[in-house]
Each structure stands twice: as structure tokens, then as C-alpha cells.
Amino acid sequence: MSSLTLVFFLTGCSSDILSSPVTENSTGIWDHYVVWNFIRVIEFLSDLLGHSYGWGIVAFTIIVRIIILPLMIYQMKSMRKTSDLQPQLKALQAKYPGKDRESREKMMAEQQKLYSEAGVNPVAGCLPLIIQMPILYALYQAIYRSPVLKTGHFLWTELGSTDPYYILPILAALFTFLTTKLSMMSQAESNIMTRSMTYVMPLMIFFMAIKFPAALGLYWVVTNAFSVGQTLMINNPYKIRRERAEKVNAQKTRERKLAKAKKRAYKTKKN
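Residues numbered from 1 in each chain as written. Predicted model: local features only at pLDDT ≥ 70, side-chain atom pairs only at ≥ 80, totals over all residues. Heavy atoms only, no water.

You'll find the chain entered in an unreviewed UniProt entry as Membrane protein insertase YidC, with Ligilactobacillus ceti DSM 22408 given as the organism. As recorded by UniProt, the Sequence similarities (unreviewed entry) comment attached to the chain reads in full: "Belongs to the OXA1/ALB3/YidC family. Type 2 subfamily." In UniProt, the chain has this text filed under Subcellular location (unreviewed entry): "Cell membrane". (UniProt positions renumbered as here; feature names shortened; annotations may be inferred.)

Now the structure itself:
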């Protein structure tokens, strides 16, 4: 939904808006305080990094990711707790199989109680995406409405134009796939919808990156590469799977010991 909303906003930008440059004399909250300051920050970072606007965007992206890192960590922890609750949520669905309003309301009430007791916020996963939406929109306008950034070059690309060799779109799609794949791997269970998003999201990013300026493709590459490293460090799915397997094995060991103890107690009582 966030990606579709992004497409709606970016493709909905009128030519009149994009043709009007943003300068220090621009008025309005969005132009003067958001887009203009994005341009200033990118230009400042570019001057520090050898007057390369591409590296300025890379540095800008990393700074944004560091700023929202606490929120991302909260999102990951919330998603893990939600994943661990899947067996109990399925039990509630089995308890209230009816489609009538009363059954649905009872199931929703018990689900909310379960979330509350576990300290889970079901909508936490949406927050980082919602925050990044205006950032992407502002970056899009900062590139198109700054004559300097629009004509800036980085490696083989012109930042205000599409990537002629599709390298950035391919890399953006690849890192998006790795990010979503690692996220799915950390879940205890997944349905067809979540598994399909592992492939749908990279394709959406690929086709958007083909159409939009190379600067946005560069942003997607860096932000998703950062996400891959962040996931492996903070929410490593391989470690989570190992911990879950150890927990299951420990439970099975306890059950076997309990069964043996009951068997011995039965024999002793019988003798």
C-alpha cells in the first residue's frame, strides 16, 4: 500500500510544480522548509565529499536511516513478537470461525487483548514506511526542482534522468528482495500473501526505479542495502531460527522426561 501510494504521489506531480525551481526565496511550508532544506543538506554533504552530488545523496540516505534506526529496531521487535503469537492467533480464528458480526467482534476483542498482554502494536510495522514516504517525495522534488542537483552526475548516471543501463533499478530490486526475504525468514509462520510480497515488492521497486530519476534509484539501493546489514545485525533470521529450534527441542526433551517420569510412577504404583 505504501509503494502504491508512492507511485500515486510521484506520478501525480504536475509539470507546473516540477518546472518551478526551489530557492532560498521560495515560500510555503513544503517548498521553503522541506524541499529547500533537503537541497541545502545534499549540497552541503556533496561539498564535504568531493563535490559529488551522488555521494551527497548516499550520505543523506545513511543519515536518514540512522535517524529512524530506533524506530526500525522497535518495528523489528514488534514483528518478532507478532510472529511468535501466530499459533495463538490461529487458535482464536479456529475458536471463532463464524463470519457474522458478533463472532468477528469477539475475535477482534480477544486478539486485541492478546496483543496488549504481549506488548505488541500491530501497526508498528507501518510506521517506518509512513515516515519514509514524505522523505522520498521531498527528495524527488529536490532533484527535479534544483537546477544544480537535476543536472548533477554520479558515475554513469545523470541524477535527474533515468539510469540508461538499468543498473540502479536492478540493484534496488535485488536489495529489496534480500530485505523482504530476510524479514520473511524471521517469521515463525507466513501465508501466501506475505510470501508473494517477497517477489512483488522487488518488481515494483524495479519498475519504479526505471521510470524515476537515478537519484531515487540510488536512494533505494543505499536504503535497502542498509536494511540488509541492519537486519543481519539486529534481527538475524538465522539466529532466530536457531533459537526457535533450540526452544522446540528443549520442549520436546521436557515432554519426554515427563512421559518417562509418569511411566515410572505408574510402574511403581502398579508394583
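### Concerning the overall build of the chain
Tallying secondary structure elements over the chain gives 13 helices and 2 strands in all. In the chain, buried positions account for 38% of the 271 residues. Long-range contacts, defined here as pairs at least 24 residues apart, represent 73% of the contacts in the chain between residues at least 6 apart. (Helix = DSSP H or I, 4+ residues; strand = E, 2+ residues; numbered from the N terminus. Buried < 20%, exposed > 50% of the residue type's maximum accessible area, 1.4 Å probe, protein only. Contact = heavy atoms within 4.5 Å.)

### So, the UniProt feature "transmembrane region" (unreviewed entry) in the chain
The feature "transmembrane region" (unreviewed entry), as annotated in UniProt, sits at residues 53–74, 123–144, 164–180 and 192–210 in this numbering. In residues 53–74, the share of helix is 95% and the share of strand is 0%. The end C-alpha atoms are 32 Å apart. In residues 164–180, the share of helix is 82% and the share of strand is 0%. The end C-alpha atoms are 26 Å apart.

### Observations concerning the packing of helix 4 (residues 53–67) against helix 5 (residues 69–84)
Interaxial distance between helix 4 and helix 5 falls to 4 Å at its minimum, and their mutual angle equals 55°. On the basis of their axis angle, the class for helix 4 and helix 5 is oblique. Between helix 4, through Arg65, Ile66 and Ile67, and helix 5, the contact on the second element is made entirely by Leu69, Pro70 and Met72. Taken together, the residues that form the contact of helix 4 with helix 5 break down as 5 nonpolar, no polar and 1 charged. (Axes fitted to C-alpha atoms, helices over the stretch in contact; angles between N-to-C directions. Parallel < 35°, antiparallel > 145°, perpendicular 65-115°, else oblique. Nonpolar A, V, L, I, M, F, W, Y, C, P; charged D, E, K, R; others polar.)

### Digging into unusual backbone geometry
Phi is positive for Leu155, close to 55°, though the residue is something other than glycine. In this structure, Leu155 sits in the loop between strand 1 (153–154) and strand 2 (157–158). A positive phi is found at Tyr166, a non-glycine position, where the angle reads about 65°. Along the polypeptide, Tyr166 turns up in the loop between strand 2 and helix 10 (167–185).

### Focus: the nonpolar core
Membership of the largest hydrophobic core comes to 36 residues, with the highest contact counts inside it found for Ile39, Ile57, Phe60, Leu216, Leu218, Tyr219 and Trp220. At the level of elements, helix 3 (29–48), helix 4, helix 8 (127–144), helix 10, helix 11 (192–211) and helix 12 (214–234) are the ones that each hand at least two residues to this core. The residues touching Leu218, leaving out its near neighbours within four places in the chain, are Gly54, Ile57, Val58, Phe154 and Leu168. Membership of the second largest hydrophobic core comes to 8 residues, among which are Met107, Leu114, Tyr115 and Val120. (Core = buried A, V, L, I, M, F, W, Y, C linked by side-chain atoms within 4.5 Å.)

### So, a nonpolar patch on the surface
Together, Phe44, Leu48, Leu49 and Trp55 make up a nonpolar patch on the protein surface, roughly 450 Å² of accessible area in all. Within the secondary structure, Trp55 is located in helix 4. (Patch = residues over 30% accessible without salt bridge, like charges linked within 9 Å, V, L, I, M, F, W, Y side chains within 5 Å. Areas by Shrake-Rupley, 256 points an atom, 1.4 Å probe, with all protein chains shown as cover. Salt bridge = Lys/Arg side-chain N within 4 Å of Asp/Glu carboxyl O.)

### Quick look at a positive patch on the surface
On the surface, Lys252, Arg256, Lys257, Lys260 and Arg264 cluster together into a positively charged patch. Residue classification places Arg256 among the partly exposed positions, given a relative accessible area of 48%. (Lys, Arg positive; Asp, Glu negative; His and termini not counted. Charge placed at Lys NZ, Arg CZ, Asp CG, Glu CD.)

### Notes on the packing of aromatic side chains
Within this structure, the stated rule accounts for 4 aromatic pairs. For the ring pair Trp55 and Phe154, a centre distance of 5.3 Å and an interplane angle of 90° mean the geometry is edge-to-face. With Trp55 in helix 4 and Phe154 in strand 1, this residue pair connects regions lying 99 residues apart in the sequence. Ring centres of Phe212 and Trp220 lie 6.4 Å apart, and the angle between their planes is 40°; on these two criteria the pair is classed as tilted. A relative accessible area of 5% means that Trp220 is categorised as buried. (Phe/Tyr/Trp six-rings, centres within 6.5 Å; stacked < 30°, edge-to-face > 60°.)

### Focus: helix 7 (residues 101–118)
If you check helix 7, its first and last C-alpha atoms are 26 Å apart, about what 18 residues at 1.5 Å a residue would give, namely 26 Å. In this structure, the buried residues of helix 7 make contact with helix 5 and helix 6 (86–95). In the stretch just after helix 7, Gly119 is the one whose phi turns positive, near 70°. (Expected span 1.5 Å × (residues − 1).)

### Remarks on the environment of Met185
Structurally, the position occupied by Met185 is in helix 10. Judged by its relative accessible area of 11%, Met185 is buried. Put simply, Met185 and Tyr238 are 53 residues apart on the chain and 7.9 Å apart in space, counted from C-alpha to C-alpha.

### Observations regarding the side chain of Thr180
Mapped onto the elements, Thr180 comes out in helix 10. With a relative accessible area of 17%, Thr180 lands in the buried category. Within the structure, the side chain of Thr180 is placed 3.0 Å from the backbone oxygen of Phe177, a separation counted as a polar contact. Those residues in contact with Thr180, other than ones at most four positions away along the chain, are Thr198, Met201 and Pro202. (Polar contact = N/O pair within 3.5 Å; in protein donor to acceptor, adjacent residues only side chain to side chain.)

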